[in-house]
Amino acid sequence: MAKLKIVLISTVIFLGVFVTSVSAENSSTDSASAATNNTAPTTKPIKEIRRETMDLKKESIRDTKLENKEAMKNKRLEFKEKLMEIRDTKKQGIVDKVDVRILEMNKDKTGHFNEVLTKLETLLTRIGSESAMLKSEGKSTIALDAAISSAQTALVTSKTAVANQSQKEYVIAITNETALRSNVNTTFSQFKADIKTTRQTVNAARLAVMKASMELKKLKGDTMRKNATNSALMEQ
């Protein structure tokens, strides 16, 4: 009987230890699971987010360009159809020539603007090099650097405007034969207004580069005067 009690007690103790061990393991597992579930989601690196944003922006721009190109293609087809409906062959020829002339003028104007901007860019690069040289000599180039920065911004703005203008296509919207003069004038006036706006950006870039050039001359002039004064003092 005593032996039976000892066996029963041992069994109870064993079961108690086993249950405690299993509970501890389950608790540990649950804690680990909870810790895993509570872990904050991994965030993307800033560079990756920026790259994805830029990709989406580029894709949007590309889609817009394709849509505009398709719309312009349809407009030109409509123009050709309307042109063929004009019974007066003389008027028909004039409208066709004006259409071609606007395209040629836009190409010539934007080509000229690009040449001007290229020269201004070359000049600004030279000014930047001289600014760096003066700075290495211990001269204060704060005003000059600010003027260079403004000129760079103006050049970028103008280059973008010229690039956009060069991609524009003007199609005369023919309503009817009696309104041909008005239709042509409307399109040509729009072209002239766009060219004027684009030219203003080129002029702004030119003025900005000229200001940087003047700041450089002013700084070099001050340097030359200081050198002359120092030489005179040394001679005395």
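Definitions and limits used
Residues numbered from 1 in each chain as written. Predicted model: local features only at pLDDT ≥ 70, side-chain atom pairs only at ≥ 80, totals over all residues. Heavy atoms only, no water. Helix = DSSP H or I, 4+ residues; strand = E, 2+ residues; numbered from the N terminus. Expected span 1.5 Å × (residues − 1). Buried < 20%, exposed > 50% of the residue type's maximum accessible area, 1.4 Å probe, protein only. Core = buried A, V, L, I, M, F, W, Y, C linked by side-chain atoms within 4.5 Å. Contact = heavy atoms within 4.5 Å. Salt bridge = Lys/Arg side-chain N within 4 Å of Asp/Glu carboxyl O. Phe/Tyr/Trp six-rings, centres within 6.5 Å; stacked < 30°, edge-to-face > 60°. 1 Å grid on protein atoms, 1.4 Å probe; cavity = no way out; pocket = protein on both sides within 12 Å on 5 of 7 lines; lining within 4 Å. Points joined across faces, edges and corners; volume = space filled by probe spheres on them. Nonpolar A, V, L, I, M, F, W, Y, C, P; charged D, E, K, R; others polar.

Student: I'd love a proper account of helix α4 (residues 142–166), names of residues and values included.
Tutor: With 25 residues, α4 ought to run about 36 Å at 1.5 Å a step, and its terminal C-alpha atoms sit 36 Å apart, in line with that. Within α4 the residues assigned to the buried category are L144, A147, I148, A151, A154, L155, S158, V162 and Q165.

Student: Kindly report on the nonpolar core, identifying the contributing residues and their values.
Tutor: Membership of the largest hydrophobic core comes to 26 residues, with the highest contact counts inside it found for L117, L120, I127 and L155. For this core, the secondary-structure elements that each account for two or more residues are α3 (89–136), α4 and α5 (180–235). In this structure L155 touches L117, L120, E121, L124, A205 and V209, once residues within four positions along its chain are discounted.

Student: Give a description of the environment of E130 that names residues and reports values.
Tutor: By secondary structure assignment, the location of E130 is in helix α3. The exposure class assigned to E130 is partly exposed, which follows from its relative accessible area of 24%. Counting along the chain gives 86 residues from E130 to L216, while the straight-line C-alpha distance between them is 7.9 Å. Non-local contacts of E130, meaning those with residues more than four positions away in its chain, are made with L216 and K220.

Student: Give me the lowdown on the pattern of salt bridges, citing residues and values where you can.
Tutor: As enumerated under the stated definition, the model contains 11 salt bridges in all. K135 serves as the salt-bridge partner of D145, at 3.0 Å between the closest nitrogen and oxygen. Here D145 is found in helix α4, whereas its partner K135 is found in helix α3, with 10 residues between them in sequence. By relative accessible area, which is 26% here, D145 ends up partly exposed. Salt-bridge contacts for E215 lead to K218; the nearest nitrogen and oxygen are separated by 3.7 Å. With a gap of 3 residues between them, E215 and K218 both fall in helix α5, about one helical turn apart.

Student: Account for the packing of aromatic side chains, naming residues and giving values.
Tutor: Between two aromatic rings, the relevant description is the distance of the centres plus the angle of the planes. Applying the stated rule across the entire model yields 2 aromatic pairs. Geometrically, the ring pair formed by Y170 and F191 is edge-to-face, given 5.4 Å between the ring centres and 80° between the ring planes. Of this pair, Y170 sits in the loop between α4 and α5 while F191 is found in helix α5, placing the two residues 21 residues apart along the sequence. A ring pair is formed by F188 and F191, whose centres lie 6.0 Å apart and whose planes are at 45°; its orientation type is tilted. Taken together, the positions of F188 and F191, both in helix α5 and 3 residues apart, correspond to about one turn of that helix. Grouping aromatic residues by their ring pairs yields a cluster made of Y170, F188 and F191.

Student: Describe the layout of surface pockets, listing the residues and the values that go with them.
Tutor: Any empty space left between atoms is shown by rolling a water-sized probe over those atoms. When its volume is computed, the second largest pocket comes out at roughly 190 Å³. The wall of the second largest pocket is formed by K91, I94, V95, L180, R181, V184 and N185. Counting residues per element, the ones that place at least two in the lining of the second largest pocket are α3 and α5. Top contributing element to the lining of the second largest pocket by residue count: α5, with 4 residues. Residue composition of the lining of the second largest pocket, grouped by class: 4 nonpolar, 1 polar and 2 charged.

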